[in-house]
Amino acid sequence: KDAARRWASAAELRDALKRCLDDLQHTGSVKVAVRRLARSRWAWAAAALAIAALAYGAVTYSRHRANVRWAREEALPEVRRLVEAGLDHYLAAYRLAVQAERHLQGDPELQRRLGQISVRPAVTTEPAGATVWVKPYLERESPWERLGETPIRDVRLPITRMRWKVQKSGLVPL
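In this report, the structure presented in the accompanying data block is examined. As the structure is a prediction and not an experimental result, all values here were calculated from the model. Position numbers for residues start from 1 in each chain and track the written sequence from start to end. Residue-level local features of this predicted model are given only where pLDDT is at least 70; pairs of side-chain atoms are given and counted only at 80 or more, and the full residue set underlies all totals for whole chains, interfaces and linings. The side-chain quantities take in all heavy atoms of the structure and omit both hydrogens and water.

### As for the pattern of salt bridges
Point 1. Whenever Lys or Arg places a side-chain nitrogen within 4 Å of a carboxyl oxygen from Asp or Glu, that contact is recorded as a salt bridge. Summed over the entire model, instances satisfying the criterion amount to 9 salt bridges.
Point 2. For Glu78, the salt bridge is made with Arg81, and the minimal N-O distance between the two is 2.6 Å. Residue Glu78 and its partner Arg81 are located together in helix 3 (residues 41–85), separated by 3 residues, close to a single helical turn.
Point 3. Judged by its relative accessible area of 28%, Glu78 is partly exposed.
Point 4. Note on Arg81: relative accessible area 46%, which makes it partly exposed.
Point 5. For Arg95, the salt bridge identified is with Glu139, shortest N-O distance 2.8 Å. Of the two residues, Arg95 sits in helix 4 (residues 90–101) while Glu139 sits in the loop between strand 2 (131–136) and strand 3 (145–149), which places them 44 residues apart along the sequence.
Point 6. Summary of the burial criterion: residues with accessible area below 20% of their type's maximum are buried, those above 50% are exposed, and those between are partly exposed, where the area comes from a 1.4 Å probe applied to protein chains only. Taking the relative accessible area as the measure of exposure, Arg95 reaches 42% and is therefore partly exposed.
Point 7. With relative accessibility at 27%, the residue Glu139 sits in the partly exposed group. Secondary structure elements are defined from DSSP: runs of H or I of at least 4 residues count as helices, runs of E of at least 2 residues count as strands, and each element is numbered from the N terminus.

### Looking at a nonpolar patch on the surface
Point 1. The patches reported here contain residues having more than 30% relative accessible area and no salt bridge. Joining distances are 9 Å for like charges and 5 Å for nonpolar side chains (Val, Leu, Ile, Met, Phe, Trp, Tyr). Computed by Shrake-Rupley with a 1.4 Å probe, the accessible areas treat only the displayed protein chains as cover when residues are assessed. A contiguous nonpolar surface patch, about 310 Å² in accessible area, is contributed by Trp7, Leu13 and Leu17.
Point 2. Leu13 gets classed as partly exposed once you look at its relative accessible area, which sits at 33%.

### Describing the packing of helix 3 against helix 5 (residues 108–117)
For any two helices packed against each other, the geometry comes down to the angle between their axes and how far apart the axes lie.
Point 1. Angles here are taken between N-to-C directions and fall from 0 to 180 degrees, while the axes themselves are lines fitted to C-alpha atoms, restricted in helices to the stretch in contact. Look at helix 3 against helix 5: their axes get within 11 Å of each other, and the N-to-C directions meet at 30°. On the basis of the axis angle, helix 3 is roughly parallel to helix 5. Crossing of helix 3 against helix 5: the hand is left-handed. Every residue of helix 5 that contacts helix 3 at Leu76, Val79, Arg80, Val83 and Glu84 is listed here: Glu109, Leu110, Arg113, Gln116 and Ile117.
Point 2. Lys, Arg, Asp and Glu make up the charged group, whereas Ala, Val, Leu, Ile, Met, Phe, Trp, Tyr, Cys and Pro make up the nonpolar group; the residues left over, Gly among them, are polar. In terms of residue class, the contact of helix 3 with helix 5 is built from 5 nonpolar, 1 polar and 4 charged. Orientation labels follow simple angle bins: below 35 degrees gives roughly parallel, above 145 gives roughly antiparallel, 65 to 115 gives roughly perpendicular, and whatever is left gives oblique. Take the far helix as your reference; a near helix turned counterclockwise from it by less than a right angle gives a left-handed crossing, and one turned clockwise gives a right-handed crossing. Note on contacts: a residue pair is in contact if any heavy atoms of the two residues lie within 4.5 Å.

This is the structure we're talking about:
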């Protein structure tokens, strides 16, 4: 046996055994657990994933709050101003209110303003199943917006002059 690999005295052996027992007793300690995790690639990957998820959540929440602030502090006062400016400005007010509604769902003032500048018409045809399209009357070049197939209920439209197009296969478009 190699003498260099042995303990020189019983005191050295006792100290080595004591250190070994201390390590065994403290294997459940936080310090040891952290040391083990620090050596694990999976732990680092999980930590990086957790940090990325927290960062994503923070950015998403920040954007949401910014959108709500924009809708409440800029869009809503502008909608109010456009509504008070009269019927000729209802289309612009409606478009802005619909955009703000995405961020202020259920806001009582916004809902009240939308009630002032929009209607929910029921559109029926005989026979049913015709496709209905609309666009603002003064915007000849704007694209047609598809409302759906008749009978149509609960679709909101701005109070303004509109061009209507009704089509059903086999029939002359209106």
